[in-house]
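# Close look at the chain arrangement
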Amino acid sequence: MEVKTKSLLDNMIGVGDMVLLEPLSEESFIENLRKRFDHNEIYTYIGSVVISVNPYKSMLIYTPERVEEYRNRNFYELSPHIYALADEAYRSLRDQDKDQCILITGESGAGKTEASKLVMSYVAAVCGKGQEVNKVKEQLLQSNPVLEAFGNAKTVRNDNSSRFGKYMDIEFDFKGDPLGGVISNYLLEKSRVVKQPRGERNFHIFYQLLSGASDDTLKKLKLDRDFSKYNYLSLDSAVVNGLDDATNFRTVRNAMQIVGFMEDEVQSVLELVAAVLKLGNIEFKPESRCNGTDESRVKDKNDLKEMCELLGIEQSVLERAFSYRTVEAKMEKVSTTLNVAQAYYARDALAKNLYSRLFSWIVNRINESIKAQAKTRHKVMGVLDIYGFEIFEDNSFEQFIINYCNEKLQQIFIELTLREEQEEYVREGIEWTNIEYFNNAIICDLIENHQNGILAMLDEECLRPGTVTDETFLDKLNMICAEHQHFESRLSKNSKFLNDHSLPHCCFRIQHYAGKVLYRVEGFVDKNNDLLYRDLSQAMYKANHTLIKHLFPEGNPAKVNLKRPPTAGFQFKASVGTLMRNLQTKNPNYIRCIKPNDKKAPHIFTESLVCHQVRYLGLMENVRVRRAGYAFRQAYEPCLERYKMLCKRTWPHWRGPAREGVEMLMADLQVPAEEFSYGRSKIFIRNPRTLFFLEERRRQCLQDLATLIQKIYRGWKCRTHFLLLKKSQIVVAAWYRRYAQQKKYEKIKSATTVVQSYTRGWQARKLLRELKHQKRCEEAVTTIAAYWHGTQARRELRQLKEEARNKHAVSVIWAGWQGTKVRREYRKFFRANAGKKIYDFTIQRIMQKYFLGLKRTLPSMSPVDKNWPARPYVFLDGVHTELRRIFHLWRCKKYKSKFTEEKKAVYEEKLEASELFKDKKSLYPSSVSQPFKGDYLEISKNPKYQKLNSSFDEKVLLADVVNKINRANGKGTTRILLLTKKNVVLADQKTGQVKASVPLPDLTSVSVSTQNDGFFALRLKEGSASAVKGDFLLSSEHLIETITKLHHIGSTASDREQLNVDISDEFLVQFKQDKVCVKFIQVAPKNGNSVSCKRKNNRLLEVTVPASA
Ligand SMILES: Nc1ncnc2c1ncn2[C@@H]1O[C@H](COP(=O)(O)OP(=O)(O)OP(=O)(O)O)[C@@H](O)[C@H]1O
Ligand SMILES: [Mg+2]
């Protein structure tokens, strides 16, 4: 259970709830209000009703923090506040799904409008948030400045007096988020438009427009900023202290924009406001007619013209409407002229109608904007800010109507309050005791009864043909209502007022629930009729202005309605009836506003004024009704929570159900049983005394508890402080000891270090001295020893030197002696044979040296190496050459001995070739380096020549490709030349077919040239078989080898002669029968030319050979 810190009953100034007032009397009631007012407590409860006393100063009790404080708190939980009521209403709307209405009543200037705004702002602050919701909230809140500008005015009682009744339904969804709203307005005080009582002003908007609009706007509206130029604006209090009309105009324009007025709509509204001002300036003058009557004429047409321009009305039409009146009856039209008074009446009626219709249009336009969009079922909170009960010196039709409305509200208040009280008792199971109270239904009946009610009679009088005046109406009242106990009139049948001089003849008095009010009948009939001449409404309808056309639909000639429009009283009664029915379906919440003084000043509490209001608001009755049953009730939980400290068994915690706890508490406190009753969820306390007894006990107990808490707290604080001190002291001491020891230790340490350093220094110096002494001793010893050894050594050296000198001298003398002796002997010996011996020895030595030198410088073992060292002495010339030759032969022999048989044969062939060709044929030198390969065709291996090879028994010694020179033309054909030990064979190169085979014995000689060519002629034995075709002339690239091989075979064969080799540049060959001379001619070498052979004639075959380079 949450413990609440501040309650209604805490720090109470007076009593927060009048129900608890003890003793209950009017004086104590007002005293309680005054006391609270003096302490800035402007709100006081009567049960769930909030009394609000206007503080006339701004209070710091409407801050967002306050909103938070009251949010979701129970009604009696905190000190009285309008927020508590708003919160209660909002929560039961949201959580219990009950439609609510907040009825704000009180006289003019009591703070109703402010209270309604506070309620709205509280609800806006606590309900849901979100872009859409905020927009709705803003529109609902901003509707206030617009309505106040057009519907409020400065009066003597209130600088911002609402001159209309307002009821606003705010609609919420199931979550409690606002969806929109509907505003109903009641009876705007339109007479104010044309006339204001002394010290009062017209509606704010006129002053705001003239002060706040820009020059440009004013120009467009054909207005002047000067108030004094307009008849309808009273100059009295045109400027009101604390009201900034210019700023308010901007606020209103801004609010209109937020609410959703279009720019052209705002402009139209301002045009109409300007038109009303212009209308007031139209004046009339009488113009006599021939029939003797006066007819009105517009005096200065300038204002009329400007007004017509503003509204787009034809000037002549309006002008005529101010001079004539057309009455239509039974299809007949009768036109009558208007005199000046009637023209003024018509003008003012038009102004009043124009303005009041404009106001209704604005309300409807706002409703259009703030209309809830969602079609879902919604919950409604109605806020009623209606004019309060009015008792003036001169009370007219308006006051009658207003007071009628308040009478109805009082009735509903009584009904609903009692009903609620009753319902609560039933709900809680408490026995219901009947409560006596005044029921004002009888007064309501006096006014609204259909047959003989005052309003019905007024209507009857207005509709009655014949002369109807206010007096005839009063006569009627005097006749019909005379018996009524709440009706008083001097001329009524009720004779008891005949001598009542406070009751003038032209008046009647009604004893309202809030007091007696005297009404002057003058103007009742007129005001109830509320007539606007048809000519005027038709003139308005003809206007070329959408809004004004819309405001006067009855002016449409197509819809001429001869029926009279409903009277003002009838309309009001109907709308009040609707309002009452509406309110009855809702849960009511009351705010009763009280005005503390007439001066609109803070801190002044005029008791008589307050007393009057307390009386007519029926507040005392309210308290009595509330106290008739039980004065105070509280749910068990908060009750137990509040008083549990009064009983030991419930303090500090009660574990059981709250009701049992409360029962235990009451029993323990011995509260008499008749003083309270236990409901289902609440305890009901009959007498405030009991509550105060409980509160007093609680206060004492709280004091004791506070003392106990103080005691414990102080003890705890001292103990904690002591422990803290102790702990700190230990810490400080520890730290100090540590510090002192540290200091001491540092001192000892530094002293020790000093002593140590002195001792060590002393020891070190001592040691140093000893070491130095020792070193000096050692150095001295060493020096002495060195000197001693040096002396010894020098002495020894001197001795040795002496000895050596002596020895040397002996040996020198000895050697000198020996030498002399030897020389003497040698001289004798040399002179006999020393010359020859020396010569031999020298030659021997030279030869030895020569041979050893030659051995070292011998050339290489290559037989071709031509090097040989130079001879050292000329006399060795012959020996040297001989030795060279011997060496060459020896190395050749050595070289030869390394040869194999094959190589030997090759070299033999090479040798043979050399013998044959060296220096004889130019081709020879180039052949020396070429090895004799023999089988160039690899005939035994090549399968192509297998057959050719197999046709010989002997080994093929040479196989080569040669050119066989055609005997006839000298051209060459390639042939294979094979040489065996027995034959020379020529075969076809391609087929291997043997073309010619010449047995070697048939070969007589071979002829070759001396030149660098490969031509050779095989000359055959005459008469042999081979020689049939003649000798062969061939050309080979291996000429030297081929000829050498042929020659070698010949030289080794035993059966024949050696083959001749002719080397000549001209030789003869036998071609068949011809002897042809083959001639070799050397030509100068040219690019690309080679050996060519040409048969010149029968005798000559010429071979041209390019000269070798
Ligand atoms: N709660 C408040 N705190 C401060 N000032 C307040 C409060 N209530 C009212 N007033 C002051 O009192 C003045 C009149 O209040 P308000 O207009 O609400 O009276 P009213 O009851 O609506 O009167 P009327 O019936 O003439 O409209 C306000 O202009 C304001 O200066
Ligand atoms: Mg008001």
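Everything below is about the structure printed above this text.
Residues numbered from 1 in each chain as written. Chains lettered and ligands numbered in written order. Predicted model: local features only at pLDDT ≥ 70, side-chain atom pairs only at ≥ 80, totals over all residues. Heavy atoms only, no water.

With that out of the way, let us pick up the packing of aromatic side chains. With the rule as written, the count across this model stands at 35 aromatic pairs. Ring geometry for Phe 397 versus Phe 524: centroids 5.6 Å apart, planes at 85°, classification edge-to-face. One end of the pair, Phe 397, is in helix 14 (residues 397-428); the other, Phe 524, is in helix 18 (residues 524-529), and 127 residues separate them in sequence. The pair Phe 397 / Phe 524 is uniform in exposure class, with both members buried. Lying over the aromatic face of Phe 261, Arg 365 brings its terminal NZ or CZ to 5.3 Å of the ring centre. Looking at Lys 549, its charged tip hangs above the ring of Tyr 541, at a distance of 4.6 Å from the centre. (Phe/Tyr/Trp six-rings, centres within 6.5 Å; stacked < 30°, edge-to-face > 60°. Helix = DSSP H or I, 4+ residues; strand = E, 2+ residues; numbered from the N terminus. Buried < 20%, exposed > 50% of the residue type's maximum accessible area, 1.4 Å probe, protein only. Lys NZ or Arg CZ within 6 Å of the ring centre and 35° of its normal.)

Sheet strands pair via backbone hydrogen bonds, and the direction of the pair is either parallel or antiparallel. If you walk across this open sheet you meet the 4 strands as 28-29-31-30, and the pairing is mixed. One side of each edge strand has no neighbouring strand; the edge strands of this open sheet are strand 28 (1066-1071) and strand 30 (1092-1095). Strand-to-strand twist across the sheet, computed as the mean angle between neighbouring axes with direction ignored, equals 25°. Here strand 28 runs beside strand 29 (residues 1074-1083); their pairing, made up of 6 bridges, is antiparallel. Each bridged residue has a counterpart across the sheet, and for Phe 1071 the counterpart in strand 29 is Asp 1074. (Pairing = 2+ DSSP bridges. Axes fitted to C-alpha atoms, helices over the stretch in contact; angles between N-to-C directions.)

What follows concerns the site of ligand 1. If you check the shell around ligand 1, you find 17 residues, and the closest are Ser 108, Lys 112, Thr 113, Ser 161 and Ser 162. At 2.7 Å, a backbone N or O of Gly 109 approaches an oxygen atom of ligand 1. Interatomic distance of 3.3 Å between a backbone N/O atom of Ala 110 and an oxygen atom of ligand 1. Against a free-state accessible area of 620 Å², the protein chains account for coverage of 86% of ligand 1. Counting residues per element, the ones that place at least two in the shell around ligand 1 are helix 4 (112-126) and strand 5 (161-162). In terms of residue count, the dominant contributor to the shell around ligand 1 is helix 4 (3 residues). For the shell around ligand 1, the per-class residue count stands at 4 nonpolar, 9 polar and 4 charged. (Near = heavy atom within 4 Å. Polar contact = N/O pair within 3.5 Å; in protein donor to acceptor, adjacent residues only side chain to side chain. Areas by Shrake-Rupley, 256 points an atom, 1.4 Å probe, with all protein chains shown as cover. Nonpolar A, V, L, I, M, F, W, Y, C, P; charged D, E, K, R; others polar.)

This part takes up the pattern of salt bridges. Summed over all chains, the structure comprises 64 salt bridges. In this structure, Glu 424 and Lys 682 form a salt bridge, with 2.4 Å as the shortest nitrogen-oxygen distance. Residue Glu 424 is found in helix 14, and its partner Lys 682 is found in strand 19 (residues 682-685); the two are separated by 258 residues along the sequence. Among the ionic pairs, Arg 975 bridges to Asp 988, the shortest N-O distance being 3.8 Å. Pair noted here: Arg 975 is in strand 21 (residues 972-980) and Asp 988 is in strand 22 (residues 983-988), with a separation of 13 residues, a long-range link. Of the two residues, Arg 975 and Asp 988, neither departs from the other in class, the shared state being buried. Beyond isolated ion pairs, a larger network of salt bridges with shared partners links Glu 31, Arg 34, Asp 38 and Glu 607. (Salt bridge = Lys/Arg side-chain N within 4 Å of Asp/Glu carboxyl O.)

This paragraph deals with the coordination of the magnesium ion (ligand 2). Note on the magnesium ion (ligand 2): its protein donors are Thr 113 (OG1) and Ser 162 (OG). The metal-donor distances range over 1.9 to 2.0 Å. Within this pair, whereas Thr 113 is found in helix 4, its partner Ser 162 is found in strand 5, the two being separated by 49 residues in sequence. Residue Ser 162 is classed as buried on the basis of its relative accessible area of 14%. (Donors = N, O, S within 2.8 Å, 3.2 Å for Na, K, Ca; no water.)

It is worth spelling out the nonpolar core at this point. Formed by 212 residues in total, the largest nonpolar core has its most connected members in Phe 29, Phe 150, Leu 318 and Phe 508. Of all the elements, helix 13 (residues 340-370) adds the most residues to this core, at 15 residues. By size, the runner-up hydrophobic cluster in this structure holds 30 residues, among which are Ala 913, Leu 923, Val 962 and Ala 1027. (Core = buried A, V, L, I, M, F, W, Y, C linked by side-chain atoms within 4.5 Å.)

We now examine the sheet that holds strand 18 (residues 676-678). Strand order in the open sheet formed by 3 strands is 17-19-18, with antiparallel pairing between adjacent strands. Across the chains shown, the open sheet's two edge strands, defined by having one partner strand only, are strand 17 (632-635) and strand 18. For this sheet the average axis-to-axis angle between neighbouring strands, irrespective of direction, equals 15°. Sheet analysis places strand 18 next to strand 19, joined by 3 bridges and oriented antiparallel. Directly across from Phe 676, in strand 19, lies its bridge partner Ile 685. Here helix 14 sits on the sheet and contacts strand 17 and strand 19; the angle it forms with strand 19, its principal contact strand, is near 125°. Helix 24 (residues 636-643) contacts strand 17, strand 18 and strand 19 of the sheet and is inclined by roughly 95° relative to strand 17. (Contact = heavy atoms within 4.5 Å.)

Next up on the list: the environment of Lys 1072. Mapped onto the elements of the fold, Lys 1072 is located in the loop between strand 28 and strand 29. Residues Lys 1072 and Arg 967, 105 residues apart in the sequence, show an inter-C-alpha distance of 9.0 Å. Those residues within four positions of Lys 1072 in sequence are excluded, and the remaining contacts are Val 1028, Lys 1029 and Gly 1030.

What follows covers unusual backbone geometry. Excluding glycine, most residues fall at negative phi; most peptide bonds, likewise, are trans. Residue Glu 22 is joined to Pro 23 through a cis peptide bond whose omega torsion reads -5°. In this model, Trp 651 is joined to Pro 652 through a cis peptide bond whose omega is 0°. Within the element layout of this structure, Pro 652 appears in the loop between helix 24 and helix 25 (658-669). Even without being glycine, Lys 600 reaches a positive phi, approximately 55°. Looking at where Lys 600 falls in the secondary structure, it is placed in the loop between strand 16 (587-594) and helix 22 (607-616). Residue Lys 600 is classed as partly exposed on the basis of its relative accessible area, which comes to 22%. The backbone of Asp 919 sits at a positive phi, close to 65°, despite the residue not being glycine.

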